[in-house]
Amino acid sequence: MTSNEQIAKLTKPPLVSAEEWQKAWQEMLVKEKEHTRARDALAAARRRMPWLAVEKEYVFEGPQGEVSLLDLFEGRRQLVLYRAFYDSNVYGWPDHACVGCSLGADQVSHLSHLHARDTTLAYASRGSQENIARLKQRMGWEKIPWYTITDGFDKDFGVDLWHGHNVFFRDENDRIFRTYYINNRGDEAMGSLWSYLDITPLGRQEDWEDSPEGYPKTPRYKWWRWHDAYGNEDAKLAKTIDDAMVTLKL
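No experiment lies behind these values; they were computed from the predicted model shown. (Residues numbered from 1 in each chain as written. Predicted model: local features only at pLDDT ≥ 70, side-chain atom pairs only at ≥ 80, totals over all residues. Heavy atoms only, no water.)

**Brief notes about a nonpolar patch on the surface**
Applied cut-off: Without a salt bridge and with relative accessible area above 30%, a residue can belong to a patch; like charges are then joined within 9 Å and nonpolar side chains (Val, Leu, Ile, Met, Phe, Trp, Tyr) within 5 Å. For the accessible areas, the method is Shrake-Rupley and the probe is 1.4 Å, while residue cover comes only from the protein chains on display. For salt bridges, the criterion is a side-chain nitrogen of Lys or Arg within 4 Å of an Asp or Glu carboxyl oxygen. The way it works is that DSSP assigns letters per residue, a run of H or I at least four long becomes a helix, a run of E at least two long becomes a strand, and they are numbered from the N terminus.
Together, Val16, Trp21 and Trp25 make up a nonpolar patch on the protein surface, roughly 330 Å² of accessible area in all. Mapped onto the elements, Val16 comes out in the loop between α1 (3-8) and α2 (18-46).

**Some remarks on helix α6 (residues 129-139)**
Applicable threshold: Only protein chains enter the accessibility calculation, which uses a 1.4 Å probe; a residue is then buried when its area is under 20% of its type maximum, exposed when over 50%, and partly exposed in between. When we speak of the arc, we mean the arc of directions from the helix axis to the C-beta atoms. Here a residue-residue contact requires only that any non-hydrogen atoms of the pair lie within 4.5 Å.
For α6, the set of buried residues is Gln129, Asn131, Ile132, Leu135 and Lys136. Projected onto a plane normal to the axis of α6, the buried residues spread over an arc of 155° and lie on a single side. Opposite the buried face of α6, at more than 90 degrees from it, the exposed residues are Glu130 and Gln137. Buried residues in α6 make contact with β2 (59-62), β5 (119-125) and β6 (146-149).

**Focus: the packing of aromatic side chains**
The cut-off we apply is this: Working definition: a ring pair exists when centres of Phe, Tyr or Trp rings (six-membered ring for Trp) sit within 6.5 Å. Plane angles under 30 degrees give stacked, over 60 give edge-to-face, the rest tilted. Sitting over a ring, as applied to charges here, requires NZ of Lys or CZ of Arg to be within 6 Å of the ring centre and within 35 degrees of the ring normal.
A complete count under the given rule lists 15 aromatic pairs for this structure. Taking 5.8 Å as the distance between ring centres and 45° as the angle between the ring planes, the aromatic pair formed by Trp194 and Trp224 counts as tilted. Here the residue Trp194 occupies a position in helix α9 (residues 193-197), and Trp224 occupies one in the loop between α9 and α10 (235-247), the gap between them amounting to 30 residues. One cation-aromatic arrangement involves Arg83 over Phe85; the distance from NZ or CZ to the ring centre is 3.9 Å.

**Points about the state of the cysteines**
Definition in use: Cysteine sulfur atoms are paired as a disulfide whenever they come within 2.5 Å of each other.
Enumeration over the complete set of coordinates arrives at zero disulfides. With no disulfide of its own, Cys98 has Cys101 as its nearest cysteine by sulfur position, at a separation of 3.6 Å. We classify Cys101 as buried; its relative accessible area is 2%.

**Considerations on the pairing of β5**
The line we're drawing: Here a strand pair is declared whenever DSSP counts at least two bridges between the two strands. With the strands aimed away from the viewer, a crossover counts as right-handed if its path from the first strand over the helix to the second runs clockwise.
Where burial is concerned, most of β5 is hidden: seven out of the seven residues are buried. Residues Thr119, Leu121, Tyr123 and Ser125 of β5 are buried on one face, and the alternating residues Thr120, Ala122 and Ala124, pointing to the opposite face, are buried as well. When strand β4 (residues 78-83) meets β5, the two strands line up parallel, connected through six bridges. The residue of β5 that forms the bridge with Gln78 is Thr119. With three bridges connecting them, β5 and β6 associate as parallel partners. Along β6, the bridge assignment pairs Ser125 with Thr148. In terms of handedness, the path from β5 via α6 over to β6 forms a crossover that is right-handed.

Here you go:
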């Protein structure tokens, strides 16, 4: 059956006037807002999850050699670590990683915005660094830090048989805590800045969020920058951006 034949067999929704369509959209908007509020409440509950201290030392292989779990933070406070499947026993090897993991990697947004919220995203798999380097170049994933698992990390954190995002926090004494874990269909929504921040213990760190007392917060929109402007914008540029936000009533 051709695409046109399939479309022709669809039971299509009713056709309505512009006024009726607007009314239907307004009714749907109520549900959309309920969904948004429920999503915000879920993120707030995640920020109140208990933490699990990571007592064991883990060793990964990176482009420059052996690194620890602490090194994966790259000096930032939070780490979102995705377990991808890229190894000789995965379909597509050696040209491709797992189809689902690859789809996820294609969705990863520019990491500078995450970094501005003191958060690092990294991938880890059982593939060698030599093969990972080729894969990243082939697929255009150079922006994603990608490490090789060398020990029992994947089994200890529930990602030896299935993909998943583990979230970690580094405190002022460089102690590491596991704060959250998401997998299965939860993974399919990952890739955007907001989806990552909403599973971290500090969240988006904006003043509208329901976070525990003392958590870092800044006015919404005020911290946003072009991805090549973080860290090097001067006072004049920052004021220009802030003025633009006021003009737009953001």
